[in-house]
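Each chain is listed here by its residues.
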Amino acid sequence: MIGTLIFVVFGLLMLAGVPIGVALMLGGAVGIGLGSLGWLAIPNNFYAGIAKYPLLALPMFVLVGAIFDRSGVAQRLVNFALAIVGRGPGMLPLVAIAVAMFLGGISGSGPANAAAVGGVMLVAMARAGYPPAYSASVIGAAAATDILIPPSIAFIVYSVMVPGASVPALFAAGMVPGVLAGLALIVPAVWLARRHGFGRDEAIGPRPPFWRALREATWGLFAPVLILGGMRAGWFTPTEAAVVAVVYGLFVGIVVYRTIRLREVVDILVEAAEVSGVIMIVVALASIFAYAVSTLGIVDPLTRLVTESGVGSAGALAAIVAVLLTIGMVLDGVSIFLIFVPLLLPLVKLYGWDPVWFGVLLTYMVAIGQFTPPMAVNLMVSARLAGVRIEQTVPWVLWFVFAMLVVLVALIAVPELALWLPRTLNY
Amino acid sequence: MGALAAITFANVIARYFTDQSFAWTEELSVSLMVILTMAAAGAAVARDRHIRIEFFFGHGPPARQRALALLSHTATVLAFLCLAGLATRLAWDDYRYEVTSPGIGVPQWWYTIWLPVLALAIAARAMQRLIGSLHRR
């Protein structure tokens, strides 16, 4: 009874447009009050919810994203990629996707990636004759691979919530699905460009000389080696890797490429602080909600309901995928994790699903949600940069959603796609 | 507000490089992160940038939008006032019973005292927004 009330209060407030964190807290507070769990549980859980050492990696990777967004690395990577593949119809979108995937190995959040790639590619693509709505769709979708390719903010949040899924294991597990997703996006991108004759003017543009492009891109190319290699070699924890990346990015941006002026550093810090504050306050407030839900034992009846309905492991998984893909259209990734992971964990245990694989699966669905209108954080960024409305991108974006879904089916059918790498690396 | 955030961020980074391996830097970084989160959340309230579902909030007749904005700001004020009040009790308990922190053994209230202060600041920011949307007819 109390359980239903919690979800009704939370659901109504959330639909009404109350900030999600506030809706979660008030829902949790109703439960704590009615269940007489002791009011001090509210500040206690608020504090304990974010005062966790692994979570420190989250603001750090947000900062990394904000720095590399402005460091000029994206521009050099684009030049380098063009020097490799050359000019021709369909090549610019291919380069955009490849560079977004590569930047995914440095930053941990989709919107920062979309801003970095969009800022460089959209003008070039418009000049080469690609319609802005198409370009915005390509970049919004490509940036979604960012949260799958390590490092990733989504994996950090999941790891904090789920015992038995460590950040390094999740990072390793996201690698193969992330790359597959990127490759799957290239197919419709090039095919659409060819079919509609986009980018005919592209061949006119100059092809950057290979060695100079390589030399200029070296600093950017080295960043993922430092971050991922450093973690793999055991030099630093994910949090420390993020801090190292911050310093490296600032060094490259200020000293090497001279694209960031010292005054802008303050702007970057403030921006990163606010972006991570917005995420982390939801984490903190959601832990009040999670406490109320778990202490009152609301999840158990739900779990029993699912098991008694006799749908079985595959059926339950299909239902979860369908529900989360729908919700992913209107809700952002971190909120989805905070609301659904506590509800779904008993099912994960019940059916014996691997928690790491399940985390990759959830993140994959969040990634799709990041560029599925109407609430699509990546697409919002790229559409704003391209000067088009979200609605205009729909005819293009659906192709990319379809391509990502194909890989999703593969990931469900063959869990080894995610689990092979972490096992090989002994995580 | 922004300056505080920047200083905190710089602090965290500096601490990493000077005393990476000590337990007390972990505890300090973590508590700085809590303070940073709340300060930044306050700034985000002032600019109305928090995550919400905008389907009803941002569309539909102006009267409904206005009502929802009022509801949203009122709920925010209420939530953080409530948090401020309860966190005061938490900090008071920590002070009264001389609770020490698990990592370095300093009084726990050095950390928890920031909770009510910053929650109150967020509530004040939300109150500003509430008054603002009351005036904007």
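The numbers attached to residues start from 1 for each chain and follow its sequence in the written order. To label them, take the chains in the order written and letter them from A, then take the ligands in the order written and number them from 1. Only residues with pLDDT of 70 or above have their local features reported here, since the model is predicted, and side-chain atom pairs are shown and tallied only from 80 upward, although totals for entire chains, interfaces and linings are computed over all residues. Only heavy atoms go into the side-chain values, all of them from the structure, while hydrogens and water stay out.

A look at the overall build of chain B
Alright, step 1. Starting at the N terminus, helices and strands are each numbered in turn, a helix being any DSSP run of H or I of at least four residues and a strand any DSSP run of E of at least two. Helix and strand counts for chain B stand at 6 helices and 0 strands.
Alright, step 2. Listed N to C, the secondary structure of chain B is α-α-α-α-α-α in terms of helices and strands.
Alright, step 3. The buried label goes to any residue with under 20% of its type's maximum accessible area, the exposed label to any with over 50%, and the partly exposed label to all in between, with areas taken from a 1.4 Å probe on protein chains only. Buried residues in chain B amount to 45% of all 137 residues.
Alright, step 4. Note on contacts: a residue pair is in contact if any heavy atoms of the two residues lie within 4.5 Å. Restricting to contacts in chain B with at least 6 residues of sequence separation, those with at least 24 account for 62%.
Alright, step 5. Note on areas: these come from Shrake-Rupley sampling with a 1.4 Å probe, and a residue is covered only by the protein chains present in the view. Put simply, chain B shows about 7100 Å² of open surface, and 66% of that area lies on carbon and sulfur atoms.

Quick notes on the side chain of A:R76
Residue and element names in this part refer to chain A.
Alright, step 1. Along the chain, R76 turns up in helix α5 (residues 73-85).
Alright, step 2. Look at R76: it is buried, it has no salt bridge, and the nearest opposite charge is E216 at 4.7 Å.
Alright, step 3. Setting aside residues no more than four positions away along its own chain, R76 makes contact with E216, A217, Y257 and T259. We score Asp and Glu as negative and Lys and Arg as positive, and we do not count His or the chain ends. Salt bridge, as used here: a side-chain nitrogen of Lys or Arg that lies within 4 Å of a carboxyl oxygen of Asp or Glu.

Let's talk about α5(A)
All names here are of chain A.
Alright, step 1. Helix span is expected to be 1.5 Å times the residue number reduced by one. Compared with the 18 Å implied by 1.5 Å per residue over 13 residues, the 19 Å span of α5 between its first and last C-alpha is a close match.
Alright, step 2. Those residues of α5 lying buried are V73, A74, R76, L77, V78, F80, A81, L82 and A83.
Alright, step 3. Elements that come into contact with the buried residues of α5 comprise α4 (57-70), α6 (91-104), α7 (110-127), α11 (210-232) and α12 (238-256).
Alright, step 4. Residue G86 follows α5 closely and has a positive phi angle near 80°.

Let's talk about empty space enclosed by the protein
Alright, step 1. A cavity here means a set of 1 Å grid points, computed over protein atoms only, where a 1.4 Å probe fits but cannot escape. A pocket is an open set with protein on both sides within 12 Å along at least 5 of 7 lines, and lining residues have an atom within 4 Å of a point. Grid points are joined across faces, edges and corners, and a volume is the space filled by probe spheres set on the points. Counting across every chain of the model gives 8 cavities of 30 Å³ or more.
Alright, step 2. Estimates place the volume of the largest cavity at around 70 Å³.
Alright, step 3. Elements that contribute at least two residues to the lining of the largest cavity include exactly α2 (20-34) and α13 (262-295) of chain A together with α4 (62-96) of chain B.
Alright, step 4. Of the residues in the lining of the largest cavity, the class split is 9 nonpolar, 3 polar and no charged.
Alright, step 5. What the second largest cavity holds in volume is close to 60 Å³.
Alright, step 6. Residue lining of the second largest cavity: A:P19, B:A44, B:V45, B:D48, B:H50, B:R52, B:S72, B:H73, B:T76, B:A126 and B:R129, and that is the complete set.
Alright, step 7. Secondary structure elements with two or more residues in the lining of the second largest cavity: α2 (23-46), α4 and α6 (114-135) of chain B.
Alright, step 8. Per-element accounting of the lining of the second largest cavity gives the leading share, 3 residues, to α4(B).
Alright, step 9. Three categories are distinguished: nonpolar for Ala, Val, Leu, Ile, Met, Phe, Trp, Tyr, Cys and Pro, charged for Asp, Glu, Lys and Arg, and polar for the others, with Gly belonging to the last. The residue inventory of the lining of the second largest cavity, partitioned by class, reads 4 nonpolar, 4 polar and 3 charged.

Remarks on the layout of surface pockets
All names here are of chain A.
Alright, step 1. What the largest pocket holds in volume is close to 1500 Å³.
Alright, step 2. The wall of the largest pocket is formed by 48 residues, among which P111, M375, V377, M380 and V381 lie closest to the centre.
Alright, step 3. The greatest single-element share of the lining of the largest pocket, amounting to 6 residues, is contributed by α13.

Quick notes on the environment of B:E98
Alright, step 1. With respect to the helices, strands and loops of the structure, B:E98 is situated in the loop between α4 and α5 (109-112).
Alright, step 2. Note: C-alpha distance between B:E98 and B:Q108 (10 residues apart in sequence) is 7.7 Å.

A closer look at the pattern of salt bridges
Alright, step 1. A complete count under the given rule lists 7 salt bridges over all chains for this structure.
Alright, step 2. We note a salt bridge from A:E264 to A:R261, for which the minimum N-O separation is 4.0 Å.
Alright, step 3. B:R129 is the partner of B:D48 in a salt bridge, and the nearest nitrogen-oxygen pair spans 3.4 Å. Residue B:D48 is located in the loop between α2 and α3 (54-57), and its partner B:R129 is located in helix α6; the two are separated by 81 residues in the primary sequence.
Alright, step 4. Under the relative-accessibility criterion, B:D48 is labelled partly exposed at 25%.

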